[in-house]
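Coordinate inspection notes
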Amino acid sequence: MKQNTMTPAGAIHAWNVGKQHKMVIVSNRLPVVVQDKGEGQWEVKSGSGGLVTALAPVLRDRGGTWIGWPGHVDKDSQGVDDLLRKHDEEIGYSLRPVMLDDEEVENYYKGFSNETLWPLFHDLIDHSQFKPEYWDAYQRVNRKFAEVVKSNIEPEDFIWIHDYHLISVISYLREMGVKNKVGFFLHIPFPPTDIYSRLPSRLEVLNAMLAYDLVGFQSARDRRNFVQSVRSLKDKPKIKGKGQVIGIQGEMGKLKAGVFPISIDYKEFNSAAQSAEVAQSSSVLRQLFPNQKIILGVDRLDYTKGIPERLRSFREALRRFPELIGQLSMIQILVPSRRDIHKYEDLKIEIERMIAEINGEFTRPGWLPIEYQFRSLDRKELLAYYRVADIMMVTPLKDGMNLVAKEYCACNIEGNGVLILSEFAGTAAQLKLGAILVNPHDTVECAEAIFMAFHMEEKDRKIKMQKLRRNVNRSDIFDWVDSFLKAAFSIGLGSFPLLADYRPLKEGREAVIRVESTGTL
Ligand code: GDG
């Protein structure tokens, strides 16, 4: 069994005093991937993402458990459970699997999660499929998750459930008599009421959200939308307060709803981008684009990321401002995602057709307008691209947060890059002062933003990038965990040391599970 985690020898122990409250994290995917190597051989690979990096120390120190789907279909849940148990000691906390069969993956994961809620919560009603069998499977799988949670908790444990796949878990936990306080964080946006109300199971989903003790949103926009739906769909709810955390009292009890913008491990990105290997790769990349500026896009293949709209804007910029021809090259990295949902395949075809058309129209000897790659980059490559990009275009049609924008800033070591950012990304609320904000549907505005970024004086670029880097540094992923936990303490969800209080973590930060790639859980 191969394992690529690095557990810091003796790094984290000071917390292990009075282990009365364990942290139980529940997400659709476990932070490891279990892969069948054939002939009865299995491999457990650790993953993945800033969330794991931030939560691993808390889980290790308090004695925690992470519950989720290991990402493959297998009837032998005992086998996977045994395999993961062997892993517990190495990783420092327990991993408990929820096994899904083919039908559940089809109807719960691809279906209700990714073909109903995902598009609807991103305001894309036309992409949403409302099929009764999707909702049935969502309920069944959420119940299954609740059963696994119930069999892995003690009365005082703090349960923290993540994201849109698992909203209903609370309903089943309560039905099963679980009295623990339970928090929930929605990583994607919450839509405006007129969009949300199209969901046939809108009341069941809303009631489930209201049954949590604490619900976290990425931005004030999302919480405002949620509160409006509560006002419009529920009978006379009492809503109190207006700060970071507000109270909602309804027939389901008392809920706190907070705004907790997720972030990245800034210091880690910043220092990894300065490593010799990344510096070397970025200087090789730079030499491949002599006397040209580079404009970069890095996105999962997803219709929410606004990739065709971005390509349209780039084409418009080349048409309106011909001086950019030969001077500005776009690199578009498209990371494969949800390939078995046919809308994603259609989107890939559309993107590739547009790139071919733009390249056909504008390519000149020795200069290609768009370099396109359809693959997942390894982390160092990704950082080299961030580091070399003169301009980064992050233009989703809607996004809960968008970590790529923050990662670009953290990796912009020279401090002179320009971020063009969609006003509909959650990130915009925090980065509006240093970024050029655009409406991704406005082709002309985006084309002008590209032109403005291309010509921006170095002094202005530096001032803006400094603001961006300061901002991302000031509230990193560890602050995000702390702010959620602080809100949790304030309503009696047990007591946990904050990461900020935990001195050894400063060194431990480098030593927690390393990030390979991330994305939606
Ligand atoms: C959801 C919400 C919210 C991308 N390409 C590669 C790669 N990545 C990594 C990036 C970044 C992550 O994937 C993408 O995160 P985003 O936040 O941009 O977007 P979603 O996947 O849609 O995430 C989003 C997020 O949850 C967290 O709450 O911000 O709004 O939709 O970390 O670095 N990583 C590697 N190679 C790639 O090619 N290694």
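A quick note: this is a predicted structure, and the numbers were derived from the prediction, not measured. (Residues numbered from 1 in each chain as written. Predicted model: local features only at pLDDT ≥ 70, side-chain atom pairs only at ≥ 80, totals over all residues. Heavy atoms only, no water.)

1. Observations regarding the pattern of salt bridges
- One pass over the structure, following the stated rule, counts 25 salt bridges.
- Note that Glu175 and Arg143 form a salt bridge whose closest N and O atoms lie 3.0 Å from each other. In this pair, Glu175 sits in helix α5 (residues 169-175) while Arg143 sits in helix α4 (residues 132-150), placing the two residues 32 residues apart along the sequence.
- Between Asp222 and Arg221 there is a salt bridge whose closest N-O contact spans 3.0 Å. No difference in accessibility class separates Asp222 from Arg221, as the two residues are buried.
- Within the structure, one salt-bridge network assembled from shared partners comprises Arg315, Arg353 and Glu357. (Salt bridge = Lys/Arg side-chain N within 4 Å of Asp/Glu carboxyl O. Helix = DSSP H or I, 4+ residues; strand = E, 2+ residues; numbered from the N terminus. Buried < 20%, exposed > 50% of the residue type's maximum accessible area, 1.4 Å probe, protein only.)

2. Overview of the sheet that holds strand β14 (residues 370-374)
- Spatial ordering of the open sheet is given by β14-β13-β12-β15-β16-β17, a layout of 6 strands whose pairing is parallel. Here the strands that pair on one side only, and so sit at the sheet edges, are β14 and β17 (436-438). Across the sheet, the axes of successive neighbouring strands diverge by a mean angle of 20 degrees, strand direction being ignored.
- Here strand β12 (residues 293-300) runs beside strand β15 (residues 391-394); their pairing, made up of 2 bridges, is parallel. (Pairing = 2+ DSSP bridges. Axes fitted to C-alpha atoms, helices over the stretch in contact; angles between N-to-C directions.)

3. Describing the confidence of the model for the chain
- Confidence in the prediction of the chain, expressed as mean pLDDT, is 86, and 87% of residues score 70 or more.
- The low-confidence segment residues 1-19, where pLDDT is below 50, has 48 contacts with residues more than four positions distant or belonging to other chains.
- Segment residues 501-521: pLDDT under 50, and 52 contacts once partners within four positions in sequence are set aside and those in other chains are kept. (pLDDT = per-residue confidence, 0-100. Contact = heavy atoms within 4.5 Å.)

4. Looking at the nonpolar core
- Counting residues in each nonpolar core, the largest one holds 95 residues, and the members touching the most others are Ile161 and Phe226.
- Looking at this core element by element, the count peaks at 9 residues for α4.
- In this structure, this core is formed jointly by two domains, domain 1 (17-263 + 477-511) and domain 2 (266-474), each of which donates at least three residues.
- Once residues lying within four places of it in the same chain are set aside, the contact partners of Phe226 are Phe190, Leu206, Met209, Leu210, Phe217, Ile248 and Leu255.
- Counting residues in each nonpolar core, the second largest holds 39 residues, with Phe289, Ala384, Cys411 and Ala425 among its members. (Core = buried A, V, L, I, M, F, W, Y, C linked by side-chain atoms within 4.5 Å. Domains from an automatic or database assignment.)

5. Considerations on unusual backbone geometry
- The phi dihedral of Asp123 is positive, around 70 degrees, even though this residue is not glycine.
- Residue placement: Asp123 occurs in the loop between α3 (102-121) and α4.
- The exposure class assigned to Asp123 is partly exposed, which follows from its relative accessible area of 27%.
- Although it is not a glycine, Asn402 adopts a positive phi angle of roughly 100 degrees.
- Residue placement: Asn402 occurs in the loop between β15 and α14 (403-411).

6. Here's the deal with a positive patch on the surface
- Among the surface-exposed residues, Lys181, Lys238, Lys240, Lys254 and Lys256 lie close enough to one another that they form a single positively charged patch.
- Looking at the positive patch, the elements that each hand over two or more residues are β9 (238-240) and β11 (253-259).
- For Lys240, the position within the fold is in strand β9.
- For Lys240, a relative accessible area of 61% corresponds to the exposed category. (Patch = residues over 30% accessible without salt bridge, like charges linked within 9 Å, V, L, I, M, F, W, Y side chains within 5 Å. Areas by Shrake-Rupley, 256 points an atom, 1.4 Å probe, with all protein chains shown as cover. Lys, Arg positive; Asp, Glu negative; His and termini not counted. Charge placed at Lys NZ, Arg CZ, Asp CG, Glu CD.)

7. Focus on the packing of aromatic side chains
- In this structure the tally under the stated criterion is 21 aromatic pairs.
- The interplanar angle of 50 degrees and the centroid separation of 4.6 Å between the aromatic rings of Phe112 and Tyr138 together place this pair among those described as tilted. On the criterion of sequence distance, the pair formed by Phe112 in helix α3 and Tyr138 in helix α4 is long-range, its members being 26 residues apart. The exposure classification of Phe112 matches that of Tyr138, with both residues buried.
- An aromatic cluster of three or more residues is present, and its members are Phe158, Trp160, Phe185, Phe260, Trp480 and Phe484. (Phe/Tyr/Trp six-rings, centres within 6.5 Å; stacked < 30°, edge-to-face > 60°.)

8. Section: the pairing of strand β5 (residues 94-97)
- The alternating pattern of β5 places Ser94 and Arg96 on one face and Leu95 and Pro97 on the opposite face, and all of these are buried.
- In the sheet, strand β4 (residues 65-69) pairs with β5 via 4 bridges, with the strands oriented parallel. Bridge pairing in β5 links Thr65 to Ser94.

9. Describing the environment of Asp299
- Along the chain, the position of Asp299 falls in strand β12.
- A sequence separation of 103 residues divides Asp299 from Asn402, and the C-alpha atoms of the two residues are 9.7 Å apart.
- Excluding residues that lie within four positions of it along the chain, Asp299 makes contacts with Lys305, Ile307, Arg310, Gln332, Ile333, Leu334 and Val335.

10. Brief notes about the packing of helix α7 (residues 202-211) against helix α8 (residues 220-233)
- Between α7 and α8, whose axes approach to 11 Å, the crossing angle comes to 120 degrees. For the element pair α7 and α8, the recorded crossing hand is left-handed. Across from Arg202, Leu203, Leu206, Met209 and Leu210 in α7, the residues of α8 making contact are Phe226, Ser229, Val230 and Leu233.
- The residue makeup of the contact of α7 with α8, split by class, is 7 nonpolar, 1 polar and 1 charged. (Left-handed = near helix turned anticlockwise from the far one by under 90°. Nonpolar A, V, L, I, M, F, W, Y, C, P; charged D, E, K, R; others polar.)

11. Quick word on α8
- An ideal rise of 1.5 Å per residue puts 20 Å on 14 residues; α8 measures up with 20 Å between its terminal C-alpha atoms.
- Within the span of α8, buried status applies to Arg221, Asp222, Arg223, Asn225, Phe226, Val227, Ser229 and Val230. (Expected span 1.5 Å × (residues − 1).)

12. Some words on the environment of Ile413
- With respect to the helices and strands, the residue Ile413 is situated in the loop between α14 and β16 (418-422).
- Looking at Ile413, the relative accessible area reads 23%, which means it is partly exposed.
- Placed 56 residues apart in sequence, Ile413 and Arg469 show a C-alpha to C-alpha distance of 9.4 Å.
- In this structure Ile413 touches Asn270, Ala273, Gln274, Arg387 and Arg469, once residues within four positions along its chain are discounted.

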